[in-house]
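Structural description and commentary
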Amino acid sequence: MIAVDVAADKLEAAIALGATAVVNATDVDPVAAVRELTAGEGVDVAFEALGRPATVAQAFRMARDGGSVVCVGIGAGAAAAEIEITHLVRRGSG
């Protein structure tokens, strides 16, 4: 499990709860870091818990082809995320 956050204490808690790797999104591009940790494949499942358009789009880019994205964050007002349609629809089943 790879945890991504901007707070060091939350990343430490993720390790204590079983994360095998962490990415501090204030230090690096989180999508590139997750892709590197997965040898370019992406994750099987990406969970997005902030509801921010940028993090929703990042979660989609972190997921592997055929992977899943679970969004549980509640965005402010009518917040909308821009998702790359081609990447979304060209995903095959593993």
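Right, let's walk through the structure included here. This is a predicted model, so every value here is computed, not measured.

1. Here we look at the packing of helix α2 (residues 30-37) against helix α3 (residues 53-62)
For the pair α2 and α3, interaxial distance at closest approach is 9 Å and the crossing angle is 20°. Overall, the two elements α2 and α3 adopt an arrangement that is roughly parallel. Between α2 and α3 lies a crossing of right-handed hand. Contact residues: Pro30, Val31, Val34 and Arg35 in α2; Gln58, Arg61 and Met62 in α3. Tallied by class, residues from the contact of α2 with α3 come to four nonpolar, one polar and two charged.

2. So, a nonpolar patch on the surface
The grouping of Val45, Phe47, Val70 and Val72 at the surface amounts to a nonpolar patch, some 360 Å² of accessible area in total. Relative to the helices and strands, Phe47 resides in strand β3 (residues 43-48). On the accessibility criterion, Phe47 (60% relative accessible area) is exposed.

3. Here we look at unusual backbone geometry
Within the chain, Ala39 stands out as a residue other than glycine whose phi angle is a positive 55°. You can see Ala39 is positioned in the loop between α2 and β3. Residue Ala39 is classed as exposed on the basis of its relative accessible area of 67%.

4. Side note on the nonpolar core
Grouped together as the largest cluster of nonpolar side chains are eight residues: Val23, Val31, Ala33, Val34, Val43, Ala46, Ala59 and Met62. Elements represented by at least two residues in this core include exactly α2, β3 and α3. With three residues, α2 is the single largest residue contributor to this core. Those residues in contact with Val31, other than ones at most four positions away along the chain, are Gln58, Arg61 and Met62.

5. Looking at the pairing of strand β2 (residues 21-24)
Here strand β1 (residues 2-5) pairs with β2 via four bridges, running parallel. Residue Ile2 lies in a different strand from β2, and its bridge partner there is Ala21. In this region the chain leaves β1, passes through helix α1 (residues 8-16) and returns to the parallel neighbour β2; the handedness of that crossover is right-handed.

6. Digging into the layout of surface pockets
A volume near 860 Å³ is recorded for the largest pocket. Ala3, Val4, Asp5, Phe47 and Glu48 are the residues nearest the centre of the largest pocket, which is lined by 27 residues in total. A total of six residues in the lining of the largest pocket trace back to one element, the largest contributor, which is β3.

Rules used throughout
- Residues numbered from 1 in each chain as written.
- Predicted model: local features only at pLDDT ≥ 70, side-chain atom pairs only at ≥ 80, totals over all residues.
- Heavy atoms only, no water.
- Axes fitted to C-alpha atoms, helices over the stretch in contact; angles between N-to-C directions.
- Helix = DSSP H or I, 4+ residues; strand = E, 2+ residues; numbered from the N terminus.
- Parallel < 35°, antiparallel > 145°, perpendicular 65-115°, else oblique.
- Left-handed = near helix turned anticlockwise from the far one by under 90°.
- Contact = heavy atoms within 4.5 Å.
- Nonpolar A, V, L, I, M, F, W, Y, C, P; charged D, E, K, R; others polar.
- Patch = residues over 30% accessible without salt bridge, like charges linked within 9 Å, V, L, I, M, F, W, Y side chains within 5 Å.
- Areas by Shrake-Rupley, 256 points an atom, 1.4 Å probe, with all protein chains shown as cover.
- Salt bridge = Lys/Arg side-chain N within 4 Å of Asp/Glu carboxyl O.
- Buried < 20%, exposed > 50% of the residue type's maximum accessible area, 1.4 Å probe, protein only.
- Core = buried A, V, L, I, M, F, W, Y, C linked by side-chain atoms within 4.5 Å.
- Pairing = 2+ DSSP bridges.
- Right-handed = clockwise from strand over helix to strand, strands pointing away.
- 1 Å grid on protein atoms, 1.4 Å probe; cavity = no way out; pocket = protein on both sides within 12 Å on 5 of 7 lines; lining within 4 Å.
- Points joined across faces, edges and corners; volume = space filled by probe spheres on them.

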